[in-house]
Amino acid sequence: MLLLDGKLLSENIKAEIAAEVDVIRQKGGKIPHLAAVLVGENPASQVYVNSKIKSCEQVGFKSSMVRRDADLSEAELLEIVHNLNNDPDVDGFIVQLPLPKHINEEKIILAIDHRKDVDGFHPVNFGRMAQGMSAFLPATPFGIMEMLRRYNIETAGKHCVVLGRSNIVGTPMSLLLSRKGYPGDCTVTLTHSRTKDLPAEVRRADIVVAAIGIPQFVKGDWVKEGAVVVDVGINRIPDDTKKSGFRLVGDVDFDEVAPKCSHITPVPGGVGLMTVTALLMNTLKACRKEIYQ
Ligand code: NDP
């Protein structure tokens, strides 16, 4: 069994991006600028945004943060989005989800200029991705695709089972893996909470992508010998031995599944770090106007 090491890979990719930023700086070009909007006090969201800002600093990007209390109105948030859309110095920005209940997330996503949508959540980017056109890919699936590519995981003709059909992970993952080219050309089964006999579906998979949000859900006897397992889940479970009182686990029961796999991502240290790195890759593309002129 080989670990798909998201930490090592993201350090390598970040070093490549930092080298490109150095070249831009030497040539007097525009330094990529990522902005993040954080509304409210959700602890996980704060951790995610801080790690995105820290990663920007590591590679030499400019970053900025717009922070507001949870009682911010929808109209005020739309105004912030509008200002970022029109700020020529900001190449890309993210509005960290989830938003407080009184704000319609869909409305906010639709208000983001798709040319600055480095999270890849806007329907223009989603539609372009589905049609195989260049687009900002959603960060988590983009990070996973990059991981498969850099580890030379064979995908053509493989049967891939994706668990979960969210707009940000499962559904885009199923589209990307079924697209023509590498990594891709898989035969994909997209599963969800209404799927009958999920273990039987997973047993047929050469590649498993688990994104459901239930701790250690995928068990050892669900997984075929030699499968590649990508665990997207990030779940907190109580752990008295930790100062924080909890530890992070994935959607896959790592101890049971790992011995059966050819490759597996750890949690933490797998997909999560690649997600942040993919956001940096998208920001560089936005600054270079690689997707949209
Ligand atoms: P969502 O809650 O949006 O979607 C969960 C999906 O899982 C739904 O499609 C749901 O089905 C399906 N599901 C739920 N229960 C079952 C079940 N018992 N059997 C089969 N399918 C089930 O989750 P996300 O996609 O946003 O996130 C999934 C996980 O990935 C979470 O742990 C999250 O924290 C993590 N995550 C990690 C990221 C990273 O960077 N590593 C980034 C984003 C998420 P249905 O549609 O029928 O309700």
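Residues numbered from 1 in each chain as written. Predicted model: local features only at pLDDT ≥ 70, side-chain atom pairs only at ≥ 80, totals over all residues. Heavy atoms only, no water.

### Some thoughts on the sheet that holds strand S7 (residues 207-210)
- The strand order across the open sheet formed by 6 strands is S1-S11-S8-S7-S5-S6, and the pairing between neighbours is parallel. Strands with a single pairing partner mark the edges of an open sheet, and in this sheet they are strand S1 (2-3) and strand S6 (187-191).
- Strand direction decides the pairing type here: S1 and strand S11 (residues 263-264), joined by 2 bridges, are parallel. Across the sheet, residue Leu 2 finds its bridge partner in S11, namely His 263.
- Along the sheet, helix H7 (residues 170-178) contacts strand S5 (159-163), S6 and S7; its crossing angle with S6, the most-contacted strand, is approximately 170 degrees. (Pairing = 2+ DSSP bridges. Helix = DSSP H or I, 4+ residues; strand = E, 2+ residues; numbered from the N terminus. Contact = heavy atoms within 4.5 Å. Axes fitted to C-alpha atoms, helices over the stretch in contact; angles between N-to-C directions.)

### A few points about the domain arrangement of the protein chain
- Annotation of the protein chain at the domain level lists domain 1 (28-114) and domain 2 (139-273).
- If you average the C-alpha positions of domain 1 and of domain 2, the two centres end up 28 Å apart. (Domains from an automatic or database assignment.)

### Some words on the side chain of Asn 125
- Summarising the element assignment, Asn 125 is placed in helix H5 (residues 123-130).
- Overall, the relative accessible area of 0% leaves Asn 125 in the buried class.
- Only 2.6 Å separates the side chain of Asn 125 from the side chain of Tyr 292, close enough to count as a polar contact.
- Contact partners of Asn 125, with chain neighbours within four places excluded, come to His 114, Asp 117, Gly 120, Ala 135, Phe 136 and Tyr 292. (Buried < 20%, exposed > 50% of the residue type's maximum accessible area, 1.4 Å probe, protein only. Polar contact = N/O pair within 3.5 Å; in protein donor to acceptor, adjacent residues only side chain to side chain.)

### Notes on the sheet that holds strand S2 (residues 33-39)
- As summarised here, the arrangement of the 3 strands in space is S3-S2-S4, forming an open sheet in which the pairing is parallel. The sheet terminates laterally at strand S3 (62-68) and strand S4 (92-95), the two strands that pair on one side only. Put simply, the sheet's adjacent strands are angled 15 degrees from each other on average, direction ignored.
- Across 4 bridges, the pairing between S2 and S4 is parallel.

### Side note on the nonpolar core
- Residues Ile 17, Phe 61, Ile 144, Leu 177, Val 209 and Val 232 are the most contacted members of the largest nonpolar core, which totals 50 residues.
- If one sorts the elements of this core by residue count, helix H10 (residues 271-288) sits on top with 8 residues.
- Viewed by domain, this core spans two of them, domain 1 (28-114) and domain 2 (139-273), each represented by three or more residues. (Core = buried A, V, L, I, M, F, W, Y, C linked by side-chain atoms within 4.5 Å.)

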